[in-house]
Amino acid sequence: MKRIRTRYAPSPTGKLHIGGARTALFSYLYAKHNNGDFIVRIEDTDINRNFKGGEKSQINNLKWLGIIPDESPEKPNPKYGPYRQSEKLKRYNEIINFMIKKGFAYKAYDLPEELEKQKKEQQKKGIYSFRYNKKWLKISDKEKNKRKQNNQYSIRILLPKNKNYSWNDMIRGKITVNTNDIGDFVIKKQNGYPTYNFAVVVDDYDMQISHVIRGEEHITNTPKQLVLYDLLNWKTPKFGHTTIITNIEGKKLSKRDISLKQFIEDYKKEEYNPHAIFNFLTLLGWTHPKAKEIMSHKEIIESFCSDRLSKSTSKFDIKKMNWFSKEYIKNQNDKEIENKLDLKNKSNDWKKLFINTYKQNAITYKQIQEAFKIYNDLTIKKNKKNEVTKTFSKLINEKKFTLENIQNAINKTKEITGKSGKDLFMPIRMITTYQKHGPELAKAIYLFGEELILKRLK
Ligand code: GLU
């Protein structure tokens, strides 16, 4: 059987988005499940839209998530490279010239305003997906020569007439499109760069990609790409188009919606657990056969079969994402967490208890680091006393300052005052830790040490 090779092919027009990360992840998982290769290549031919740092953000954030490519611009395999389209112009031109020679493609000298006019006329007739009127296929040589002087042309594919192109989509089943519903599309732009639909075919062919998994916005591109495979007599890869990700209200995610953190970089900055995000993204459009939620990378790879890719849209629920990160941090070993933090001037026992206490409820490592700050605050403030705090103070002073005795003092305060829940914990927490919220109270108090706590209570 042919080796499974998948790819993620971002245009470096922005930072890595959760949608892109999910596409990359599904491609990665499909390859790894089948002992294949996962490739990252950069589709940077839309030069006006390239964003400085876009490529770096894509690749570095994938790595942070644990989606490690076997081949990429940083790790090229000379057999398949280059891995940036801008470095392959010679190769594209060779094929384009071949296609012109064969009569598969032709030069079109339309001016932008002429194309705009055509588009408008079609829209008046209710045709919204533009179909080029093949004007320059029929034009006289004299007219051609006139226009040729400014050498402004693009190259369009000459579509076979009334021909059906079908593929068996890995997610959606069979899809068929007739060429009469597409126009002769551009394969080389006036600026000399190939278009996405052309370059993607050459690259997928050159890199021997076996499966193309990408977002549903590319469904309308696939028939165009199939035409090219057909004309060039190249074997087509298999295609799978994932469904969209929506926000919690079911609306398609918009990158402009700043109320949602949509870029992987945001999560990296907040110091989420990257494995948790990997796990969460896996379940954004895929389900485990036994509906398992928390899974190791190995487990995910082993069970990732493409027939469990969802046919309906997936909701991006930040609460669920937070839950995943919390679960991962809670179950992570203390030493690993310690390595992510900066806990100065504390004993090993102290650090152990601190991490163990705070990892129970943290969504991010940053939250744990933030919590550390309160233990460096040695201030003593005046506090209003009440029955609860007075009782607690007295009990604390009676016994040795141990975790167990602090817990006992809290319990006894409850018995004596008859207060419970918030009425019991809040005043004690406030007067000892100066915080409204926190982890298990006795531990939070103990971590401050006897000296400071007694001073604060006094
Ligand atoms: N560069 C395209 C994009 O970013 C890739 C599409 C594809 O995977 O074919 O959407």
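Attention in this report is confined to the structure presented alongside it. (Residues numbered from 1 in each chain as written. Predicted model: local features only at pLDDT ≥ 70, side-chain atom pairs only at ≥ 80, totals over all residues. Heavy atoms only, no water.)

## Notes on the pairing of strand 1 (residues 5–8)
Piece 1. The side-chain alternation of strand 1 yields two buried faces, one formed by Arg5 and Arg7 and the other by Thr6 and Tyr8.
Piece 2. Relative to strand 2 (residues 37–40), strand 1 runs parallel, the two sharing four bridges. Bridging from a neighbouring strand, Arg5 pairs with Asp37 of strand 2.
Piece 3. You can see the chain leave strand 1, run along helix 1 (residues 18–33) and come back into strand 2, and the turn it takes is right-handed. (Buried < 20%, exposed > 50% of the residue type's maximum accessible area, 1.4 Å probe, protein only. Helix = DSSP H or I, 4+ residues; strand = E, 2+ residues; numbered from the N terminus. Pairing = 2+ DSSP bridges. Right-handed = clockwise from strand over helix to strand, strands pointing away.)

## Examining helix 8 (residues 222–232)
Since the α-helix turns once every 3.6 residues, residues separated by three or four places project in the same direction.
Piece 1. For helix 8, a buried count of nine out of 11 residues is recorded, marking the element as mostly surrounded by other parts of the structure.
Piece 2. All of the buried residues along helix 8 are Thr222, Pro223, Gln225, Leu226, Val227, Leu228, Tyr229, Leu231 and Leu232.
Piece 3. Where helix 8 terminates, the next one or two residues include Asn233, which has phi positive at roughly 60 degrees.

## Description of the site of the ligand
Piece 1. Neighbouring the ligand are the residues Arg7, Ala9, Pro10, Ser11, Glu43, Tyr196, Val200, Arg214 and His218.
Piece 2. Interatomic distance of 2.9 Å between a side-chain N/O atom of Ser11 and a nitrogen atom of the ligand.
Piece 3. In the environment of the ligand, an oxygen atom lies 2.8 Å from a nitrogen or oxygen atom belonging to the side chain of His218.
Piece 4. When the free accessible area of the ligand is taken as 300 Å², the share hidden by the protein chains comes to 81%.
Piece 5. Class assignment of the residues belonging to the shell around the ligand gives a composition of four nonpolar, two polar and three charged. (Near = heavy atom within 4 Å. Polar contact = N/O pair within 3.5 Å; in protein donor to acceptor, adjacent residues only side chain to side chain. Areas by Shrake-Rupley, 256 points an atom, 1.4 Å probe, with all protein chains shown as cover. Nonpolar A, V, L, I, M, F, W, Y, C, P; charged D, E, K, R; others polar.)

## So, the sheet that holds strand 7 (residues 186–188)
Piece 1. Strand order in the open sheet made by the three strands is 3-4-7, with antiparallel pairing throughout. Looking along the sheet, the strands with just one partner apiece sit at the ends: strand 3 (105–108) and strand 7. Pairwise comparison of adjacent strand axes, ignoring direction, gives a mean angle of 45 degrees for this sheet. (Axes fitted to C-alpha atoms, helices over the stretch in contact; angles between N-to-C directions.)

## Topic: the packing of helix 1 against helix 10 (residues 274–282)
Piece 1. Two elements in contact, helix 1 and helix 10, have axes whose closest approach is 10 Å; the angle formed by their N-to-C orientations is 80 degrees. With respect to helix 10, the axis of helix 1 lies roughly perpendicular. Along the contact surface, helix 1 presents Ile18, Ala21, Arg22, Leu25, Phe26, Tyr28 and Leu29, while helix 10 presents Phe278, Leu281 and Thr282.
Piece 2. Considered class by class, the residues forming the contact of helix 1 with helix 10 number eight nonpolar, one polar and one charged. (Parallel < 35°, antiparallel > 145°, perpendicular 65-115°, else oblique. Contact = heavy atoms within 4.5 Å.)

## So, the packing of aromatic side chains
Piece 1. For the structure on display, the rule yields 22 aromatic pairs.
Piece 2. Aromatic side chains Tyr205 and Trp234 sit 3.8 Å apart centroid to centroid with 5 degrees between the ring planes, which places their arrangement in the stacked category. One end of the pair, Tyr205, is in helix 7 (residues 196–206); the other, Trp234, is in the loop between helix 8 and strand 9 (238–242), with 29 residues separating them in the sequence.
Piece 3. Judged by its relative accessible area of 34%, Tyr205 falls in the partly exposed class.
Piece 4. In this structure Trp234 comes out as buried when scored by relative accessible area, which is 14%.
Piece 5. Judged by centre distance (5.9 Å) and plane angle (20 degrees), the ring pair of Phe401 and Tyr446 falls under stacked. Remark: Tyr446 occurs in helix 19 (residues 441–446) and Phe401 occurs in the loop between helix 16 (387–398) and helix 17 (403–417); sequence separation between them is 45 residues.
Piece 6. Taken together, the aromatic side chains of Trp350, Phe354, Tyr358, Phe372, Tyr375 and Phe448 make up a single cluster linked through ring pairs.
Piece 7. Positioned above the aromatic ring of Phe263 is the side chain of Lys15, whose terminal nitrogen or guanidinium carbon lies 5.3 Å from the ring centre. (Phe/Tyr/Trp six-rings, centres within 6.5 Å; stacked < 30°, edge-to-face > 60°. Lys NZ or Arg CZ within 6 Å of the ring centre and 35° of its normal.)

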